[in-house]
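These are the residues of each chain, in order.
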Amino acid sequence: MLSPIDIKNVIQRNMQCEVVEVKGDDGAHFEAIIVSNIFDNMSSVKQHQLVYKALDGMMNEEIHALSIKTFTTLQWEEFKNGEK
Amino acid sequence: MTTEDKISNLIEENKILLFMKGNPKFPQCGFSSLACQILDASGANYETVDVLQDQDVREGIKTYSNWPTIPQLYINKEFIGGADIMREMYESGELTKVISGS
């Protein structure tokens with residue numbers, strides 16, 4: 001069964017990123033947070049396209065559903081501070 | 001007519017167009033259902049394409065948008081994104097702006 005760690009490893013291997021967190025324990029539905037410096041000044045569509053590209057076809061095969069949240073390093077700091 | 005032409009025409013002819021699984025009354029997937037709810041809440045007057053009724057469009061739209069998942073939203077011929085981006089834009093108020101300006 002596909003695990004969140006499998007997805008995390010693929011993303012980390014295939015794109016430059018500072019933080020990757022993947023959740024989901026039913027083997028089909030996952031949620032991912034990806035923080036990367038390369039997202040700076042990029043539209044959300046472009047950011048998500050890079051993540052999908054890093055997943056290398058897994059969206060068409062193994063992964064049934066993946067919710068993606070992308071952050072630049074600066075946005076991630078602000079997000080974390082907001083949670084405190 | 002190629003699938004690409006067919007998709008282009010659909011996008012050309014409809015200001016706000018959602019490619020989805022099922023239809024707004026009977027969405028066949030949670031993400032498609034969410035996309036409809038967001039558009040309804042934004043007061044959008046939108047058309048939908050049920051990709052489950054057309055296998056060519058279902059696969060073709062993924063290549064066309066360089067986006068591997070359904071739903072997909074187009075406004076004024078521009079690809080806006082999938083359910084996650086729609087939710088982000090709705091929460092920030094940006095989606096309502098784009099829709100009212102369309």
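Rules used throughout
- Residues numbered from 1 in each chain as written.
- Chains lettered and ligands numbered in written order.
- Predicted model: local features only at pLDDT ≥ 70, side-chain atom pairs only at ≥ 80, totals over all residues.
- Pairing = 2+ DSSP bridges.
- Helix = DSSP H or I, 4+ residues; strand = E, 2+ residues; numbered from the N terminus.
- Contact = placed C-beta atoms within 7 Å.
- Core = buried A, V, L, I, M, F, W, Y, C linked by C-beta atoms within 7 Å.
- Buried ≥ 20, exposed ≤ 12 C-beta atoms within 10 Å, placed from the backbone.
- Axes fitted to C-alpha atoms, helices over the stretch in contact; angles between N-to-C directions.
- Parallel < 35°, antiparallel > 145°, perpendicular 65-115°, else oblique.
- Nonpolar A, V, L, I, M, F, W, Y, C, P; charged D, E, K, R; others polar.
- pLDDT = per-residue confidence, 0-100.

A.B. asks: Quick one: what's the story with the pairing of strand β4 (residues 78–81) of chain B, residue by residue and with numbers?
C.D. replies: Residue and element names in this part refer to chain B. Bridging between strand β3 (residues 72–75) and β4 involves three bridges; their strand directions are antiparallel. What sits directly across from L73, in β4, is G81. Hairpin connection of β3 to β4: two residues between the antiparallel strands, including N76 at a positive phi of 50 degrees.

A.B. asks: Residue-level account of the interface of chain A and chain B, with values.
C.D. replies: On the side of chain B, 10 residues touch chain A, which itself brings 11 residues to the contact. Of all the secondary structure elements, the ones that give two or more residues to the side of chain A that touches chain B are α2 (44–54) and β3 (65–71) of chain A. Per element, the largest residue contribution to the side of chain A that touches chain B is five residues, and it comes from α2 of chain A.

A.B. asks: Run through the nonpolar core, naming residues and quoting values.
C.D. replies: A general trend in soluble globular proteins is that nonpolar side chains are found buried together. Residues and elements named next belong to chain B. In this structure, L18, F19, A35, L39, V51, L73 and M86 are the most contacted members of the largest nonpolar core, which totals 28 residues. Every element with two or more residues in this core is listed here: α1 (3–13), β1 (16–20), α2 (30–41), α3 (55–65), β3, α4 (83–92) and α5 (94–100). Per-element tally for this core: the top contributor is α2, with five residues. Look past the residues within four positions of L39 in its chain and what remains in contact with it is L18, A44 and Y46.

A.B. asks: Lay out the packing of α1 of chain B against α3 of chain B with the relevant residues and their values.
C.D. replies: Residues and elements named next belong to chain B. The geometry of α1 relative to α3 is characterised by a closest axis approach of 9 Å and an angle of 80 degrees between their N-to-C directions. Judged by the inter-axis angle, α1 sits roughly perpendicular to α3. Where α1 approaches α3, its residues T3, E4, K6 and I7 are matched on the opposing element by D56, V57, G60, I61 and Y64. When grouped by side-chain class, the residues that make up the contact of α1 with α3 number four nonpolar, two polar and three charged.

A.B. asks: Residue-level account of the confidence of the model for chain B, with values.
C.D. replies: Of all residues in chain B, 100% have pLDDT values of 70 or greater, and the mean over the chain is 97. Two numbers describe this predicted complex: its pTM, 0.93, and its ipTM, 0.90.

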